[in-house]
Amino acid sequence: METFKEVVLIKEVIEPSLIIICSVLIYILIGKIIKRFSKAPVKRMDQKKRQTILTVLKSVIKYIILSIDILLILNVYGIDTKAILASFGVIGAVLGLAMQDLLKDIIAGISILFEDQFRVGDWIEVGGFKGEVISLGLKTTKIKAYTGETKIVSNRTLTEVTNFNMHNSMAIIDVQVAYESDLQKVEKILSMLCVEQQDKIPMLKGEIELLGVQSLGENGIVYRIVAPCKSMEQYGVERILRKAIKQAFDKNHIIIPYPQVVIHNERI
């Protein structure tokens with residue numbers, strides 16, 4: 001009788017307990033590996049985005065381990081797990097058909113995360129809507145325009161995305177001077193201005209460069225200045241340089257031409 005009780009004890013109590021303990025240890029070990037990976041430097045992946053990926057991965061692993069545990073414990077108690085697996089297959093097929101769009105969103109979200117197509121804080125354009133990514137989830141992405149509107153897009157629809165943050169931007173300033181201007185003087189002033197402003201503008205990612213005469217316009221000669229800068233900072237850089245150019249031209253008496261209308265009043 002004692003032997004039978006020992007067998008029952010081992011089969012119905014000790015074996016399930018060992019399965020649970022082993023699973024917990026495996027989950028803790030995987031958690032430590034994931035935590036260590038979260039601290040390792042990864043190229044072009046911010047902490048928030050990496051944390052999202054690792055959280056999803058940890059959650060998936062947890063449910064996989066839990067599912068295996070349930071099947072192993074049921075098998076210990078003599079329940080036919082093959083029939084259960086067959087039932088899960090049928091249920092999974094039905095749910096897959098009913099939740100196709102959700103699954104497509106999740107797969108697309110995982111693809112966006114792992115391929116680093118864009119991340120939270122990037123400026124993107126989707127279907128003519130341009131804004132900053134404020135949320136990146138497995139199902140939807142939220143984009144906020146500079147005017148305040150927020151667009152929520154299903155990940156499966158993000159087939160064509162323009163990302164403005166993958167490379168530096170370029171500030172382009174075209175400035176006109178009168179045809180009567182001394183071009184050598186103008187070019188000297190603009191060249192000096194480029195050097196002076198180089199250390200004053202923190203958004204720059206390279207040297208400000210005077211390209212020279214861009215075109216001969218109706219009202220004057222057009223010079224072009226370019227300045228590589230941080231992504232989406234080109235508008236601020238252009239405003240700073242235009243103000244500096246106007247002040248330098250006023251100081252050196254260089255005329256910026258503008259359309260004028262001459263009216264002749266003849267008395268008969």
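Just so it is clear, the model here is predicted, and its values are computed rather than measured.

Draft legend 1. Looking closely at the overall build of the chain. When helices and strands are tallied, the chain shows 6 helices and 8 strands. Listed N to C, the secondary structure of the chain is α-α-α-α-β-β-β-β-β-β-α-β-β-α in terms of helices and strands. A burial count over the chain gives 30% of its 268 residues as buried. Here the analysis covers contacts within the chain between residues at least 6 apart in sequence; of these, 60% occur between residues at least 24 apart. In the structure as shown, the chain presents an accessible area of about 18,400 Å², 61% of it carried by carbon and sulfur atoms.

Draft legend 2. Quick look at helix α4 (residues 100-115). Counted at 1.5 Å a residue, the expected span for α4 with its 16 residues is 22 Å, and the 22 Å between its end C-alpha atoms agrees. For α4, the complete set of buried residues consists of D105, A108, G109, I112 and L113. Viewed along the axis of α4, the buried residues span an arc of 135 degrees, placing them on a single side of the element. Residues I107, F114 and E115 are exposed on α4 and point more than 90 degrees away from its buried face. Just downstream of α4 lies D116, where phi reads positive at about 55 degrees.

Draft legend 3. Fine view of the packing of helix α5 (residues 183-198) against helix α6 (residues 234-251). Between α5 and α6, the least distance of the axes is 11 Å, while the angle of their chain directions is 135 degrees. Taken together, the axes of α5 and α6 lie oblique to each other. Here α5 runs over α6; the crossing is right-handed. Between α5, through V186, I189, L190, L193 and Q197, and α6, the contact on the second element is made entirely by I240, L241, A244, I245, A248 and F249. When grouped by side-chain class, the residues that make up the contact of α5 with α6 number 10 nonpolar, 1 polar and no charged.

Draft legend 4. Spatial organisation of the pattern of salt bridges. Counting across every chain of the model gives 3 salt bridges. Here R224 ties to D174 by a salt bridge, and the two come within 2.7 Å at their closest N and O atoms. Note that R224 is positioned in strand β8 (residues 221-229) and D174 in strand β6 (residues 169-177), a separation of 50 residues in sequence. Residue D174 is classed as partly exposed on the basis of its relative accessible area, which comes to 38%. Here K246 and D250 are joined by a salt bridge, their closest N and O atoms 2.5 Å apart.

What counts, and where the lines are drawn
- Residues numbered from 1 in each chain as written.
- Predicted model: local features only at pLDDT ≥ 70, side-chain atom pairs only at ≥ 80, totals over all residues.
- Heavy atoms only, no water.
- Helix = DSSP H or I, 4+ residues; strand = E, 2+ residues; numbered from the N terminus.
- Buried < 20%, exposed > 50% of the residue type's maximum accessible area, 1.4 Å probe, protein only.
- Contact = heavy atoms within 4.5 Å.
- Areas by Shrake-Rupley, 256 points an atom, 1.4 Å probe, with all protein chains shown as cover.
- Expected span 1.5 Å × (residues − 1).
- Arc of directions from axis to C-beta.
- Axes fitted to C-alpha atoms, helices over the stretch in contact; angles between N-to-C directions.
- Parallel < 35°, antiparallel > 145°, perpendicular 65-115°, else oblique.
- Left-handed = near helix turned anticlockwise from the far one by under 90°.
- Nonpolar A, V, L, I, M, F, W, Y, C, P; charged D, E, K, R; others polar.
- Salt bridge = Lys/Arg side-chain N within 4 Å of Asp/Glu carboxyl O.

Everything listed here is a matter of coordinates, which is why it stays silent on function.
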